[in-house]
Amino acid sequence: LDYALLLAEWPDQTGPRQRILFECLRAAIRSGRLAPGARLPATRALAQELGIARNTVLYAYEQLSTEGFLEAGRAGTVVSALAGAAVNRQAAAPLRVGLSRRARGLDNLAAPANLAGAFAPGCPALDEFPLHIWRRMMDRAWRSVKSSQLNYGDAAGDMGLREAVAQHLRIARGADCDASQVFITSGTQASLDLCSQAFADAGDKVWIENPGYGGAVTAFRAAQLDVVGIAVDEQGIAPRVSDWVKYCPRLVYVTPSHQYPTGTVLTLERRLSLIAAARAAGALLIEDDYDSEFRYDGAPLSCMQGLAADAPVLYLGTFSKTMFPALRLGFIVVPRSLVTPLHGLLARSSPRGRTAEQLALAEFIHSGQFALHLRRMRRLYRERRDALVTALEKHFAGMASVHGGSAGMHLVLRLNEGEGDDTGIAAAALQAGVVLHPLSRHTTGPRTHGWNGFLMGYAQVPAEKMDGLVRKVAQCAAATRGRASNPSGH
Ligand SMILES: Cc1ncc(COP(=O)(O)O)c(C=O)c1O
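Owing to the predicted nature of the structure, the values given are computational and were not obtained by experimental measurement.

(A) Structural detail: the packing of helix α2 (residues 17–31) against helix α4 (residues 54–66). In contact at an axis separation of 8 Å, α2 and α4 are set at 45° when each is read in the N-to-C sense. Comparing the axis directions of α2 and α4 gives the class oblique. Considering how the two elements wind past one another, α2 and α4 form a crossing that is right-handed. Across from Arg17, Gln18, Arg19, Leu21, Phe22, Leu25 and Arg26 in α2, the residues of α4 making contact are Thr56, Val57, Tyr59, Ala60, Tyr61, Gln63 and Leu64.

(B) Highlighting empty space enclosed by the protein. Under the defined criterion, the tally for this structure stands at five cavities of 30 Å³ or more. By volume, the largest cavity amounts to about 130 Å³. Around the largest cavity sit 17 residues that line it, and His168, Leu169, Glu293, Thr318 and Phe331 are the ones nearest its centre. When residues of the lining of the largest cavity are traced back to their parent elements, those giving at least two are α8 (159–173) and β9 (313–318). Considering every element that reaches the lining of the largest cavity, the biggest residue donor is α8, with four residues. Tallied by class, residues from the lining of the largest cavity come to eight nonpolar, five polar and four charged. In this structure, the second largest cavity spans a volume of roughly 70 Å³. Along the walls of the second largest cavity sit Asp176, Gln181, Gln305, Asp310, Ala311, Val313, Val334, Pro335 and Arg336, which together make up its complete lining. Grouping the constituent residues of the lining of the second largest cavity by class yields four nonpolar, two polar and three charged.

(C) A look at the site of the ligand. All residues in the neighbourhood of the ligand are listed as Gly187, Thr188, Gln189, Tyr213, Tyr253, Tyr260, Asp288, Tyr290, Thr318, Ser320, Lys321 and Arg328. Within the backbone of Thr188, a nitrogen or oxygen atom sits 2.7 Å from an oxygen atom of the ligand. A distance of 2.9 Å is found between an oxygen atom of the ligand and a side-chain nitrogen or oxygen belonging to Arg328. For the shell around the ligand, a count of residues per class yields four nonpolar, five polar and three charged.

(D) How the structure looks around unusual backbone geometry. Between Ala118 and the following residue, Phe119, the backbone shows a cis peptide bond with an omega angle of -5°. Along the polypeptide, Phe119 turns up in the loop between α6 (101–104) and α7 (131–144). Look at the link from Tyr260 to Pro261: it is a cis peptide, with omega at 10°. With respect to the helices and strands, Pro261 occurs in the loop between β7 (251–254) and α12 (268–281). Its identity as a non-glycine residue notwithstanding, Gln224 has a phi of 60°, on the positive side. Under the relative-accessibility criterion, Gln224 is labelled partly exposed at 44%. A positive phi angle, near 55°, is found at Asp310, a position not held by glycine. Topologically, Asp310 is positioned in the loop between β8 (284–288) and β9.

(E) Just the sheet that holds strand β10 (residues 330–333), in detail. Read from one edge to the other, the open sheet built from eight strands follows the order β3-β10-β9-β8-β7-β4-β5-β6, with strand pairing classed as mixed. Looking at the sheet topology across the chains shown, the edges are occupied by β3 (182–185) and β6 (236–237). Pairing geometry for β8 and β9, over four bridges, is parallel. Directly across from Leu285, in β9, lies its bridge partner Val313. Its contacts with the sheet put α8 on β3, β9 and β10, and the angle it makes with β3 is roughly 115°.

(F) Molecular detail of a nonpolar patch on the surface. A grouping of Leu268, Leu272 and Leu307 is seen on the molecular surface, where their side chains present a nonpolar patch of about 250 Å² in accessible area. Examined against the element boundaries, Leu272 turns out to sit in helix α12. We classify Leu272 as partly exposed; its relative accessible area is 42%.

(G) Structural detail: the sheet that holds strand β13 (residues 437–438). Strands sit in the order β11-β12-β14-β13 across an open sheet of four strands; the sheet is antiparallel. Each having just a single partner strand, β11 (400–403) and β13 make up the two edges of the open sheet. Judged from the four bridges that link them, β11 and strand β12 (residues 410–415) form a sheet pairing that is antiparallel. In the strand pairing of β12, Ser401 is matched with Arg414. Across the sheet, helix α15 (residues 369–395) is in contact with β11, β12 and β14 (453–457); its angle to β12 comes to roughly 10°. Contacts from helix α16 (residues 422–431) reach β12, β13 and β14, with the element oriented near 45° to β14.

(H) The state of the cysteines, seen in detail. A full pass over the atoms with the stated rule returns zero disulfides. Summary of cysteine pairing: Cys248 is not part of a disulfide, and the nearest cysteine sulfur, belonging to Cys195, is at 18 Å. Looking at Cys248, the relative accessible area reads 39%, which means it is partly exposed.

Reading the values: the criteria
- Residues numbered from 1 in each chain as written.
- Predicted model: local features only at pLDDT ≥ 70, side-chain atom pairs only at ≥ 80, totals over all residues.
- Heavy atoms only, no water.
- Axes fitted to C-alpha atoms, helices over the stretch in contact; angles between N-to-C directions.
- Helix = DSSP H or I, 4+ residues; strand = E, 2+ residues; numbered from the N terminus.
- Parallel < 35°, antiparallel > 145°, perpendicular 65-115°, else oblique.
- Left-handed = near helix turned anticlockwise from the far one by under 90°.
- Contact = heavy atoms within 4.5 Å.
- 1 Å grid on protein atoms, 1.4 Å probe; cavity = no way out; pocket = protein on both sides within 12 Å on 5 of 7 lines; lining within 4 Å.
- Points joined across faces, edges and corners; volume = space filled by probe spheres on them.
- Nonpolar A, V, L, I, M, F, W, Y, C, P; charged D, E, K, R; others polar.
- Near = heavy atom within 4 Å.
- Polar contact = N/O pair within 3.5 Å; in protein donor to acceptor, adjacent residues only side chain to side chain.
- Buried < 20%, exposed > 50% of the residue type's maximum accessible area, 1.4 Å probe, protein only.
- Pairing = 2+ DSSP bridges.
- Patch = residues over 30% accessible without salt bridge, like charges linked within 9 Å, V, L, I, M, F, W, Y side chains within 5 Å.
- Areas by Shrake-Rupley, 256 points an atom, 1.4 Å probe, with all protein chains shown as cover.
- Salt bridge = Lys/Arg side-chain N within 4 Å of Asp/Glu carboxyl O.
- Disulfide = S-S within 2.5 Å.

In short, the description is geometric, and any link to function would need to be established separately.
Here it is as structure tokens:
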């Protein structure tokens, strides 16, 4: 073997010489150019041949021996037999691995590409976030962190943040909780995974609103729960009495403050009857209160968790909408009787950290910045919602109706009968640079009649752009309808 050539041809000549020689010899062993049993030159000889220091060669040989590629033989240093055999076997066998059957079974119910821009739902007005204040608080948080706080933290999260969350929920959401019931998570998706693992067993039934939130379906299916879609009407989720007997659930997932995706608000009567029925069935309600901080018409509605003493509710909140999605912080509020068992489970399994983010967020809330930001965003989002509604009423008059815009960051445009198919229009709109999520894609199981239309997220769309964007959508709808009713194009 021409070692000088081998070294000269090595593609990456940066870094220490000894490292380059090591990598180049290892590659030769792996590829079989240096076969098992082959003897390498003595270190002095190789150093001379290559014109490098003997120590450099010594280092490379030593490292290769440590990793098992070389061994000391009677006649000097040889390529180890094992290295060669392993390399050959590895080369022969293609990888026979892939996603689990369970993971492959997670069909992409409502998993549209994670697109930004008008009218992608779920995205707050990121350019309005007071980044300079957040930066200051993160900076202060890091400066206050003691070295002991670099260790794994409490399984339930930072106590200061849990207190801030509990206080905020009591005042703003009418929750009935103290800090001990608050568990910090890395967002609602993580909370849903945790609830599925902690409070249900594989095969248990979990109800989800139909149409409903795809992220929840994914979490439940991943936990091998049996997902049952329960129809939503104008008053929210509408289970029949017989459903409680026929499909008796362990968990019931609901978005009562602003149903996802339809935007309806669950009536008080339905809330109370859900709580009573869940209590009787030994089920837990998962209340996903993802965007209720933004309410524009009428008084804010309290959450279900605080409606009854010791309600069977797992209350889920997220800072993805009120702060920003990349923060990845959210929380679960559990009934008092579940605090100790859940804490015990998390102490064994949860990733515990993100101290600085939690400290900064606690300060953001305690200092009043959080409430201020919410007030500003509420005003801004209302203005944007009004502009969107005005534009929709202008460009879709007689063709569609607007629903669910009283709260949150998206509303729903329902197409009248005969006004085209939402998936076709959404595809055409995407070509024109506008993101529309078809309502029909959010149904669980058989397509639910009447949910033909779009979710339209408006929080990140400036009011002055609404009219132009909606006009574009209306043109796409008209063009799609024209094609559908006159496929020959004449
Ligand atoms: C119904 C619903 N829940 C929760 C979330 C937020 O989840 P996360 O905290 O995982 O960002 C969203 C985001 O779009 C949502 O639509």
